[in-house]
Amino acid sequence: MNSGTFHAVGLGPGDPDLLTLRAVNLLRLATLVYVPFSRLTSQTWVEEAVRRYAGQDCMIFKVEFSLGESSATRQRHWQATARQIIERLRRGEDALFVTLGDPLLFSTAIYLIRALRKQWPDIPIDIVPGVSAYAHCAALTSFAVGEGTLPVTIIPSVTALAEVQTAIERGGTLVLMKIGRHLPQIINLLEDKGLIEHSVFVARAGLPEQHVEIDLRNLRGAEAKTGNLAIILVHNQNGEQ
Ligand SMILES: C[S@@+](CC[C@H](N)C(=O)[O-])C[C@H]1O[C@@H](n2cnc3c(N)ncnc32)[C@H](O)[C@@H]1O
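A brief look at the structure comes next.

Cut-offs applied
- By convention here, each chain's residues receive numbers from 1 onward along its written sequence.
- Reporting of local features is limited, given that this is a predicted model, to residues whose pLDDT is at least 70; pairs of side-chain atoms are given and counted only at 80 or more, and all residues count toward the totals for whole chains, interfaces and linings.
- We call a residue near a molecule or strand when its C-beta atom, built from the backbone, sits within 6 Å of it.
- What counts as a helix is a DSSP run of H or I of at least four residues, what counts as a strand is a run of E of at least two, and both are numbered from the N terminus.
- Here the term charged refers only to Asp, Glu, Lys and Arg, the term nonpolar to Ala, Val, Leu, Ile, Met, Phe, Trp, Tyr, Cys and Pro, and the term polar to all other amino acids, Gly among them.
- Annotation comment: domain bounds sourced from an automatic or database domain assignment.
- Whether two strands pair comes down to DSSP finding at least two bridges between them.
- Orientation is described by lines fitted to C-alpha atoms, with helices fitted over the stretch in contact, and by angles between N-to-C directions that extend from 0 to 180 degrees.
- Two residues qualify as being in contact provided that their C-beta atoms, derived from the backbone, are within 7 Å of each other.
- The crossover handedness rule: strands pointing away from the viewer, path from first strand over the helix to second strand clockwise, crossover right-handed.
- Multiplying 1.5 Å by the residue count of a helix minus one yields the expected span of that helix.
- Every C-beta atom is placed from the backbone, and the number of other C-beta atoms within 10 Å of a residue's own sets its class: buried at 20 or more, exposed at 12 or fewer, partly exposed in between.
- This arc is built from the directions going out from the helix axis to the C-beta atoms.
- For a crossing to be left-handed, the near helix must be turned anticlockwise from the far one by less than a right angle; the clockwise case is right-handed.

So, about the site of the ligand. What surrounds the ligand is a group of 23 residues, the closest being Gly101, Ser132, Ala133, Met177 and Ala205. Secondary structure elements with two or more residues in the shell around the ligand: helix H5 (133–141), strand S8 (199–203) and strand S10 (230–236). Residue classes in the shell around the ligand are distributed as 14 nonpolar, six polar and three charged. Shared between two domains, the shell around the ligand holds at least three residues of each, these being domain 1 (6–128) and domain 2 (133–236).

A separate point is unusual backbone geometry. Positive phi, normally seen in glycine, also occurs at Ser142, with a value near 50°. Mapping Ser142 onto the fold places it in the loop between H5 and strand S6 (152–155). A positive phi is found at Leu229, a non-glycine position, where the angle reads about 45°. Looking at where Leu229 falls in the secondary structure, it is placed in the loop between strand S9 (211–213) and S10.

Attention shifts here to the sheet that holds strand S2 (residues 32–37). The strand order across the open sheet built from five strands is S3-S2-S4-S1-S5, with neighbouring strands paired in parallel fashion. This sheet does not close on itself; its edge strands, each paired only once, are strand S3 (59–64) and strand S5 (125–128). When strand polarity is set aside, the average angle formed by the axes of neighbouring strands in this sheet is 20°. Bridging between S2 and S3 involves six bridges; their strand directions are parallel. Residue Val35 lies in a different strand from S3, and its bridge partner there is Lys62. Contacts from helix H3 (residues 71–90) reach strand S1 (6–10), S2, S3 and strand S4 (95–99) within the one sheet, and its direction differs from that of S4 by about 140°. Running at roughly 150° to S4, helix H4 (residues 108–119) makes contact with S1, S2, S4 and S5 of the sheet.

Turning our attention to the pairing of S6. Two elements, S6 and strand S7 (residues 172–176), share four bridges in a ladder whose sense is parallel. Across the sheet, the residue bridging to Ile155 is Leu176, located in S7. In this view, the connection linking S6 to its parallel neighbour S7 by way of helix H6 (residues 161–170) has right-handed handedness.

What follows is about H3. Helix length check: H3, at 20 residues, gives a terminal C-alpha distance of 28 Å against a target of 28 Å (1.5 Å per residue), a fit within 8%. Taken as a whole, H3 has its buried residues at Trp78, Thr81, Ala82, Ile85 and Leu89. The arc that holds every buried residue of H3, seen down its axis, measures 105°, which confines them to one face. In this structure, H3 carries Ala72, Thr73, Ala80, Gln84 and Glu87 as exposed residues pointing more than 90 degrees from its buried face. Looking one or two places after H3, you find Gly92, whose phi comes out positive at around 95°.

Across the sheet, which stays open at both edges, the five strands sit in the order S6-S7-S10-S8-S9 with mixed pairing between neighbours. Each end of this open sheet is capped by a strand with a single partner; those strands are S6 and S9. Strand-to-strand twist across the sheet, computed as the mean angle between neighbouring axes with direction ignored, equals 10°. Across the sheet, H5 is in contact with S7, S8, S9 and S10; its angle to S10 comes to roughly 65°.

This part covers the packing of H3 against H4. The interhelical angle for the contact between H3 and H4, taken along N-to-C directions, is 65°, at an axis separation of 8 Å. Here the hand of the crossing between H3 and H4 comes out right-handed. Here Trp78, Gln79, Thr81, Ala82, Arg83, Ile85 and Ile86 of H3 come into contact with H4, specifically with Tyr111, Leu112, Ala115, Leu116 and Gln119.

Below, the structure is given as structure tokens:
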């Protein structure tokens, strides 16, 4: 019997129109879909997108990824999920694992693919790219992410402001992700560095609560949750010729 294929499918940033045709076609034919979820967020749109396109008979399994646990626990968790998926594939079933944005950019799909290949080096894997959240945030604000010869630095999680400062010294575009409660400090830093007018903020792009802010000073005193599921893009002329 031929084995099934594992598809790691990017579903884009949240706007239902930004799913690729390939993602939609795979969801329509799917019989088995794994959906990542975290107890730390109430974000449900990835599962909603799956339910919108998948047929009645499709089985949907939730895979928890808990951000706070130790690396060893996470490894065990991904290895156990990989074992379950491999069992299905060996029986000839295809399995989809869906992710927010693109599966190869700061995504749980990366850990799962690694765990799958560890257990089965030649496993049939198909990776379906998705529109990354930063690309949608840039489009909503007409923000040129890459320009000329300047670098683009993506900071996946703004936990230490020192990292943002170092990236500012380097020049070019900054993509700041996972901003959360650090929003007020980032605004202060950008103001200190004279970059506030070269920065844009987008939260929950493509979702009903989308929030676009071209003047970040308007976010001073905003509710603590404002920085959740948000990206700040900074155009920093440092180092420009
Ligand atoms: C773990 S990363 C996932 C990145 C994803 N794989 C991609 O390609 O965009 C999660 C971060 O992406 C950003 N993000 C995801 N969806 C977003 C959206 N709809 N609007 C704004 N930012 C978003 C937020 O910074 C969030 O903390």
